[in-house]
Amino acid sequence: MSTQRWVTYAATAAAVTATAAAGSAVVNTGTRWYRTLDKPSWQPPSWAFGAVWTPLYASIAWAGGHAVLRTRGAARREVLTAFGTNLAANAAWNWLFFGRRSVLGGLAGTLALDASNADLIRRTAKHDTVAAKALVPYAAWCLFATALNASIARRNR
């Protein structure tokens, strides 16, 4: 693998890792606030989120690197901008839901993340369909998270 490839994949992995760290910094499912929320019976156990997010974050890093390596100039800037925006939206949800302890803020954040996912996949697909397909499980999980957040918001008005 060439140096440019290593550097590109290392950069996207570092960006995704920073996103995961920034988002998880405020997640605490042991707080009284979170424990007393009325949650639907179909919510996965807390451990499942880490088990799901770890491979999803790996696929986001890989897809980002793959797409960046297949673009140049304005196309690369477009992909990088969509990627960066998406990572910011990804981390922001945790701060809205857990940091602010706001189920409605979390819902707004996850809806923004869903829109960002659609945009990221659309922009990536214009240049790299393989990378775009790798992002689909991430987008699907986020849609599930939106449904879960919406249910929690409805139950905890």
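Located above this text is the structure these notes cover.
In this text the structure is predicted, and so the values were computed from the model without any measurement.

## Looking at helix 1 (residues 3-24)
An ideal rise of 1.5 Å per residue puts 32 Å on 22 residues; helix 1 measures up with 31 Å between its terminal C-alpha atoms. Within helix 1 the residues assigned to the buried category are Thr8, Tyr9, Thr12, Val16, Thr19 and Gly23. Take helix 1 and look down its axis: the buried residues cluster within an arc of 90°, on one side only. What points out from helix 1, more than 90 degrees from its buried face, is the exposed set Thr3, Trp6, Val7 and Thr17. In this fold, the buried residues of helix 1 make contact with helix 3 (46-69) and helix 4 (73-99).

## Here's the deal with the layout of surface pockets
As a volume, the largest pocket reaches approximately 600 Å³. Listed by contribution, the elements that provide at least two residues to the lining of the largest pocket are helix 1, helix 3, helix 4, helix 5 (103-125) and helix 7 (136-155). Sort the elements by how many residues they give to the lining of the largest pocket and helix 7 lands first, with six residues.

Definitions and cut-offs
- Residues numbered from 1 in each chain as written.
- Predicted model: local features only at pLDDT ≥ 70, side-chain atom pairs only at ≥ 80, totals over all residues.
- Heavy atoms only, no water.
- Helix = DSSP H or I, 4+ residues; strand = E, 2+ residues; numbered from the N terminus.
- Expected span 1.5 Å × (residues − 1).
- Buried < 20%, exposed > 50% of the residue type's maximum accessible area, 1.4 Å probe, protein only.
- Arc of directions from axis to C-beta.
- Contact = heavy atoms within 4.5 Å.
- 1 Å grid on protein atoms, 1.4 Å probe; cavity = no way out; pocket = protein on both sides within 12 Å on 5 of 7 lines; lining within 4 Å.
- Points joined across faces, edges and corners; volume = space filled by probe spheres on them.

Without other data, these values stay purely geometric and don't point to any function.
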